[in-house]
Amino acid sequence: MELFDQASVNKSNSRQTRTREKVLNLAMHVLAKNPKASLSEIAEVAEVGRATIFRYFKSRKQLVSELIVEADTKLETAIKPIIEKNLNAGDTLEEFIKVLVPLGASFHFLNSNQIYAEDSGIDDLYKNQLMRLRELSKRLRAENVVSSEIPLAWVAAVLDNLIYTAWETVLKGDIAPNDAPGLVLTSFLNGFSPR
């Protein structure tokens, strides 16, 4: 009898873990698109009740805090090996795009000013993301990959939005996952005009 009870507990825990992960994953997508989205909107997309969300997260602030930590961890894991390679700026950009497009929601979510306005306790993660983008932008400028006339903030914002757009377009099935990084790189470096 005890074995049967333990199996039921394990099955229940497994289901709860999957539900929690589903809510986190879909909340990241919802908040990347709309940083002001309510818990009700997140619950609707996740196809769970608000009570289910409150079972796992005491408040929207706690959910956002956990998402920020999760997104930062994913991005750090993806970017760290690239930084350690000490590549030139153009190659670094290409490698960044390859690993960041599949993480587009996390990347865009972390660069959302609205999220940080709500949870000032994690400003350092946001500043770290901005610092990386601006540092890469400076290197791209120094190596004449990007015009020195374009403000660094614009370079970083365009890169962020291209990565997010690629992720979202792949998710909708409008472009192939393998094509997305090349489209981001080409659009970022050349725009849309034929040269």
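In what follows, the accompanying structure is described.

**A short note on the overall build of the protein**
Item 1. When you go through the protein residue by residue, the secondary structure sums to 10 helices and 0 strands.
Item 2. Starting at the N terminus and walking to the C terminus, you meet the elements of the protein as α-α-α-α-α-α-α-α-α-α.
Item 3. Here the protein holds 195 residues, and 40% of them are scored as buried.
Item 4. For the protein, the share of sequence-separated contacts (at least 6 apart) that also reach a separation of at least 24 residues comes to 64%.
Item 5. A total accessible area of about 11200 Å² is found for the protein, and carbon and sulfur atoms account for 53% of it.

**Some words on the pattern of salt bridges**
Item 1. Scanning the entire structure with this criterion turns up 7 salt bridges.
Item 2. Between Glu-66 and Arg-20 there is a salt bridge, with the nearest N and O atoms lying 2.3 Å from each other. Of the two residues, Glu-66 is situated in helix α4 (residues 60-84) and Arg-20 in helix α1 (residues 2-33); the sequence distance between them amounts to 46 residues.
Item 3. Here Arg-20 falls in the partly exposed class, since its relative accessible area comes to 25%.
Item 4. One salt-bridge network, in which partners are shared between bridges, spans Lys-85, Glu-94, Glu-95 and Lys-98.

**Topic: the packing of helix α5 (residues 89-100) against helix α10 (residues 180-190)**
To characterise two packed helices, one gives the angle between the axes of the helices and the distance between these axes.
Item 1. α10 packs onto α5 with a crossing angle of 135 degrees between their chain directions and a minimal axis gap of 9 Å. Taken together, α5 and α10 sit at an angle that is classed as oblique. Where α5 crosses over α10, the handedness of that crossing is right-handed. Counting all contacts with α5, which are made through Leu-93, Glu-94, Ile-97 and Lys-98, the residues of α10 involved are Pro-181, Val-184, Leu-185, Phe-188 and Leu-189.
Item 2. Residue composition of the contact of α5 with α10, by class: 7 nonpolar, no polar and 2 charged.

**Section: α4**
Item 1. Over its 25 residues, α4 runs 36 Å from end to end, which matches the ideal 36 Å to within 8%, given 1.5 Å per residue.
Item 2. Taking the largest bend as the criterion, α4 deviates by roughly 30 degrees, centred on Ala-78, and proline Pro-81 comes between one and four positions later.
Item 3. Among the residues of α4, Arg-60, Leu-63, Val-64, Leu-67, Ile-68, Ala-71, Asp-72, Leu-75, Ala-78, Ile-79 and Ile-82 are the ones counted as buried.
Item 4. Backbone geometry just downstream of α4 places Asn-86 in the positive-phi region, at approximately 55 degrees.

**Regarding helix α2 (residues 39-46)**
Item 1. Along α2, the positions that sit buried rather than exposed are Leu-39, Ile-42, Ala-43 and Ala-46. The buried residues of α2 all sit within an arc of 100 degrees when viewed along its axis, so they share a single face.

Conventions used here
Residues numbered from 1 in each chain as written. Predicted model: local features only at pLDDT ≥ 70, side-chain atom pairs only at ≥ 80, totals over all residues. Heavy atoms only, no water. Helix = DSSP H or I, 4+ residues; strand = E, 2+ residues; numbered from the N terminus. Buried < 20%, exposed > 50% of the residue type's maximum accessible area, 1.4 Å probe, protein only. Contact = heavy atoms within 4.5 Å. Areas by Shrake-Rupley, 256 points an atom, 1.4 Å probe, with all protein chains shown as cover. Salt bridge = Lys/Arg side-chain N within 4 Å of Asp/Glu carboxyl O. Axes fitted to C-alpha atoms, helices over the stretch in contact; angles between N-to-C directions. Parallel < 35°, antiparallel > 145°, perpendicular 65-115°, else oblique. Left-handed = near helix turned anticlockwise from the far one by under 90°. Nonpolar A, V, L, I, M, F, W, Y, C, P; charged D, E, K, R; others polar. Expected span 1.5 Å × (residues − 1). Bend = angle between axes of the 7 residues up to and from the residue. Arc of directions from axis to C-beta.

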